[in-house]
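Overview (structure and organization)
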Amino acid sequence: MGFECKKVLLFSAFFLSGAVIVLIPCIVVIARRSNNCPVQTTTTMTTPPTTIWNASDYQSNSEYYQSLISPRNFDQSDNLRLDRLSSPQFHPTNGKSIIYLRRQYHMPDLRGSTTTLHWLDLETNTTVQLTRPIWGIHDQQFFWVDNNTILFLSNRASTDLRQIFQLTLPANVSQTADFIDPIQITNYPLNIDNLLVNRQASRLAFSCQVYPNLTIEETADRQMAEKASDRSIYQFDKLFIRHWDEYMTGRRHHPFLVQIARRSNGIFNFSSEPFDVLFSVDSDSPTRPFGDAKVQWSFSATGNSFAYTRQYDETSAVTWTTNLDIWTVNLSVPEHLSVCITCDNLATDTDPSYSPTDDSILVYRSHSIPGYESDQFKVKIYNRSSTTIVVLDNGDRSIQAMTWSRDGQSLYLEIGEEANNVIYYLSNIFTDRSINLLIRNVWGWHVPPANGTNSSAPLAFLIHGGPQSSWYDAWSYRWNFQSFSSQGYAVIAINFHGSDSYGQNFTDSIIGEYGSLPYEDLKLGLSYALNKFPYINASRAAALGASYGGFMVNWIAGHPE
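Cut-offs and rules
- Residues numbered from 1 in each chain as written.
- Predicted model: local features only at pLDDT ≥ 70, side-chain atom pairs only at ≥ 80, totals over all residues.
- Heavy atoms only, no water.
- pLDDT = per-residue confidence, 0-100.
- Contact = heavy atoms within 4.5 Å.
- Disulfide = S-S within 2.5 Å.
- Buried < 20%, exposed > 50% of the residue type's maximum accessible area, 1.4 Å probe, protein only.
- Helix = DSSP H or I, 4+ residues; strand = E, 2+ residues; numbered from the N terminus.
- Polar contact = N/O pair within 3.5 Å; in protein donor to acceptor, adjacent residues only side chain to side chain.
- Pairing = 2+ DSSP bridges.
- Axes fitted to C-alpha atoms, helices over the stretch in contact; angles between N-to-C directions.
- Salt bridge = Lys/Arg side-chain N within 4 Å of Asp/Glu carboxyl O.

1. Points about the confidence of the model for the protein chain
Averaged over the protein chain, the pLDDT score is 86; the fraction of residues at 70 or greater is 89%. This model gives residues 1-24 a pLDDT under 50, and the stretch forms 40 contacts once residues within four places in sequence are excluded.

This is the structure in C-alpha cells:
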C-alpha cells in the first residue's frame, strides 16, 4: 500500500518543543489518506448476517495437539495457542450449569481468532458450544437474564460493528446438535463497548464513544464528515493529547440507560429512548484506559437506581490527579440527575456495587491519599440514610475486588496476600463483622528447567513492572515462567520492596527508593538462589523485564557490581 494510504503521525517542530515544555496548546498533524484512498461508508442492516463459517479452515486447540506425533516441551508458542476461557456465569435460578466465553486461535499459525459462548453442565460435565465460531467474530459481555435468555455484545452484525444480541436457549441445552443463531437487538452506527443488565431485565446500560453534546447518530455523522473532508490536523488545547495508544480527539465513553421489554415473540427490544447520562460532559465512564463496566457500573436491587464511576477529564488537571468519584442516578424520577456521593474525597473512589436487597446501600473501593495510585484500597459502605463506614479500617492489605452475599449482609473480598490471590468472607458487615479466610496456596519464585536439574542450566532472572505489583501465583500469556522453563532455563522471580500483597507499608516503601531497595532485594535474592540451587550457571544469567522491570534491567547494566 502506498504511503498516502497509511496512517502516519508527523509531529511539527513546534509540537516537539512545545510538548516538551508545556504540552499545550499544540497541533498534531495526522496524515491519514489521499483522495485516491477508498472512503469507508456505513450500511443499514435489513437481514441477519450471512457470513458462512468455513469448517474446513477450522481446527480446535485440542484437535491440533492430538494430531501431533511426538511430544515436546511446552513453550511460548504453545502458550499463545491456548484457548482463553473467561467470564463464567451460573444459571440464574438453579446454579447447576454455567455459561462462559472461549477465545480460540487459528491453528497452528495464530493468524486469526474468534470468541464464542459455551454452556457447561456442572453435574455431568457436558459442554455445548452455543454460538458459531467465525474468524474475526467475538462474542463478549453476556448476561444470563433468565433460564433461557442471554443478552450479549458481538460484532456479528453485517456492519461489523459491536451490537447487542439475544440468544434463546432450548429447553434441553445438552441435546443441542448445532450452533444457535442469535438475534440482533440494536443497529447503531457506532460500536457498543460495554453492557450491563439489571436483575429484572427491565433496564440495561450500554456505552458508545460519542462527542459531548452529540447523540450517537450525530457523532456518526460527524465522523463521516471528517473522513470525507480529508482533515489531517487536530488542535489540542488541553491534556490528555494522547493516552497510552490513542489520541484523545474528542469522543468519550458515555453510559446510556434504557428500558427494555420482551415482545410477544420472546425477543427483547428498547421500550424507551436511550438516555446519555453524561450527555454534555467531556468525560468517560467506564474510565480510560482500563475501566470495566462490570465493576464501575451498578444497578440497584430494584433496578431503579444506577451508580457509575467517572474521572474529571474536563481540564488538563486530569493528568496530575487520581481522583475518581462515584455518582448515582435515580431512575424513578424523570430528571435523571447525577449526584456525586464521594466528592468529599479527593483520592480514588471506584467500583460501586449496590446491595442485592436494599437500594439505599452500596459498597465501593476507596483510596485515601490523593495523587497516589498505589495507595491501599479499602472498602466503604455508603448508606443514604447514615454516614459512610470503612470496612477493615485497621487492615494493611489492599482489597482487589468484592462481591455481595445473596442476603446482602456479608461480602466476599479478594485480597493480594504474599503473592497469592486469596478470598475472605466478611460476615455481618452491619454488626460484628467477623472475617474468615476461604481460599489461599512467597517472596520469590523458583521454577526449574523442564529438562531437569541434573545438568548446569542458564538463568532467566525476571523483574516485574509496576513497580507496585507482584509476581503472583497466576497464569500469564506474556511473562510466563513455564515458557522460559521449557527452553531449558531456570527461572527466578523476586517480589522486591514495593511489591503489593505484603501489606501497604511494604508497598509504600519504594517511594523515593526506586533505584535502591528493589536493587538490593534483587541482588540478595539472586545470591540466595545461586547458593540454594547449585545447578544454576551464574555465568549464564540474563535479567528480563518490562516497564519498571525494563528500567531496572538498565539500572543493573549501569551497576556492574
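2. Brief notes about the state of the cysteines
Inspection of the entire model under this criterion finds one disulfide. Two residues share a disulfide in this structure: C340 and C343, whose sulfurs sit 2.1 Å from each other. The chirality of the disulfide connecting C340 with C343 is right-handed, given an S-S dihedral of about 115°. C343 sits in the partly exposed class, given a relative accessible area of 38%.

3. What to know about the side chain of R81
Counting through the fold element by element, R81 comes out in helix 3 (residues 76-81). A polar side-chain atom of R81 sits 3.0 Å from the main-chain carbonyl oxygen of P108. The residues touching R81, leaving out its near neighbours within four places in the chain, are N61, Y64, Y65, R72, M107, P108 and L110.

4. Things to note about the environment of G291
Summarising the element assignment, G291 is placed in the loop between strand 18 (275-276) and helix 5 (293-296). For the pair G291 and R310, spaced 19 residues apart in the sequence, the C-alpha separation amounts to 9.4 Å. Residue contacts for G291: discarding those within four places in its chain leaves P286 and Q296.

5. Considerations on the sheet that holds strand 22 (residues 338-340)
Pairing between the strands of a sheet is mediated by backbone hydrogen bonds and can be parallel or antiparallel. Across the sheet, which stays open at both edges, the four strands sit in the order 19-20-21-22 with antiparallel pairing between neighbours. Taken across any chain shown, the strands that pair with only one partner, and hence form the sheet edges, are strand 19 (297-299) and strand 22. Each neighbouring strand pair of the sheet contributes to a mean axis angle of 25°, computed without reference to strand direction. Strand direction decides the pairing type here: strand 20 (residues 305-311) and strand 21 (residues 324-330), joined by seven bridges, are antiparallel. Residue pairing across strands places S305 opposite N330, the latter belonging to strand 21.

6. Thoughts on the pattern of salt bridges
Tallied over the entire structure, the rule returns 21 salt bridges. For R81, the salt bridge goes to D78, with nearest N and O atoms at 3.4 Å. Separated by three residues within a single helix, R81 and D78 lie in helix 3, roughly one turn from each other. Linking K238 and D282 is a salt bridge whose minimum nitrogen-to-oxygen distance equals 3.3 Å. Linking K238 in the loop between strand 13 (233-236) and strand 14 (242-243) with D282 in the loop between strand 18 and helix 5, this pair joins segments that are 44 residues apart in sequence. Among the charged side chains, a network of salt bridges with common partners joins K238, E246, R252, D282, D284, R288 and D313.

7. Quick look at helix 9 (residues 548-557)
Those residues of helix 9 lying buried are Y548, G549, G550 and M552. On its buried side, helix 9 packs onto strand 32 (457-463), helix 8 (517-532) and strand 34 (536-545).

8. As for the sheet that holds strand 4 (residues 97-105)
Taken together, four strands build an open sheet; the order of strands is 3-4-5-6 and the sheet is antiparallel. A strand with exactly one partner marks an edge of an open sheet, and here the two such strands are strand 3 (84-90) and strand 6 (127-129). Across the sheet, the axes of successive neighbouring strands diverge by a mean angle of 25°, strand direction being ignored. Where strand 5 (residues 113-121) meets strand 6, three bridges bridge the pair, whose relative direction is antiparallel. In the strand pairing of strand 6, H118 is matched with Q129.

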